[in-house]
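Architecture at a glance
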Amino acid sequence: MTERTVTAQSMPPAQLAHQLRDAITRLNRRVRQARPVGDLTVTQLSALTSIRLGGALTPRELADVERVQPPTMTKIVAKLEERGLVQRSPHPTDRRQVILAVTEGGRAVLDQFERVRDEWLAHRLAELSDTDREILHHAAEILQRLSRA
C-alpha cells in the first residue's frame, strides 16, 4: 500500500472535504486566469456563460442565477449587448419583459475562452506522469458523480 492510499483512507471526511474544496477552488481560479487578451471581465464572462447554459433567460432570471442584484445585471447585460455578445428579444407572453440570448459572436468569444483554458490545463497535465494523469482521470469521474448527487 502506498503512503498516499494510507493517508486517504485514514483522513476524516471533513478534512478531505476541506482539502478537496481548497484544491478545486485554487485550480478553478488559476484556470480562470488563463484567458485570451481582451476586456471582457470575469463577471461578464460568467453572465454570458450562464445565458449560454440556461438558454434564453430574462434579466431577472440571469441576476438570480449569477446571484447579483438586478441593477447590477442590467449594467452587465448592457456591456455585453454593446459588444454584440447578447441580444434582447421580446418575451413571448409578457410584453414588459425581454429574453436574453447569446449571439453568434458571443458563442465565438466563449469558445475562444474555453479553448485557451483547455490549452493551459492540457499543457499542465502533459507535465504530469502517466500515473498522475490516470488518477486525475478517475478523480474527474468521481467529481462528476458528486456534482450530480
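Refer to the structure printed above.
This section reports on the structure supplied with the text. (Residues numbered from 1 in each chain as written. Predicted model: local features only at pLDDT ≥ 70, side-chain atom pairs only at ≥ 80, totals over all residues. Heavy atoms only, no water.)

1. Concerning the overall build of the chain
A count of helices and strands for the chain gives 7 helices and 2 strands. Taken from N to C terminus, the helices and strands of the chain fall in the order α-α-α-α-α-β-β-α-α. Against the compact-globule benchmark of 15 Å for 149 residues, the chain has a radius of gyration of 20 Å, which places it well outside the compact range. Overall size of the chain, expressed as C-alpha extent along the three principal axes, is 65 × 30 × 20 Å. Sorting the 149 residues of the chain into buried and exposed places 23% on the buried side. For the chain, the proportion of contacts with a sequence separation of at least 24, taken over those separated by at least 6, is 54%. Accessible surface, the chain: about 10,800 Å² in total, of which carbon and sulfur atoms supply 55%. Distance between charge centroids for the chain: 6 Å, based on 23 positive and 19 negative side chains. (Helix = DSSP H or I, 4+ residues; strand = E, 2+ residues; numbered from the N terminus. Rg over C-alpha atoms; globule rule 2.2 N^0.38 Å. Buried < 20%, exposed > 50% of the residue type's maximum accessible area, 1.4 Å probe, protein only. Contact = heavy atoms within 4.5 Å. Areas by Shrake-Rupley, 256 points an atom, 1.4 Å probe, with all protein chains shown as cover. Lys, Arg positive; Asp, Glu negative; His and termini not counted. Charge placed at Lys NZ, Arg CZ, Asp CG, Glu CD.)

2. Here's the deal with the pattern of salt bridges
All told, the structure shown has 9 salt bridges when counted by the stated rule. Between Arg52 and Glu114 there is a salt bridge; the shortest N-O distance is 3.6 Å. Of this pair, Arg52 sits in helix H3 (residues 42-54) while Glu114 sits in helix H6 (residues 104-126); the two residues are 62 residues apart in sequence, bridging distant segments of the chain. You can call Arg52 partly exposed: its relative accessible area is 32%. In this structure, the salt-bridge partner of Arg107 is Glu104, at a minimum N-O distance of 3.0 Å. (Salt bridge = Lys/Arg side-chain N within 4 Å of Asp/Glu carboxyl O.)

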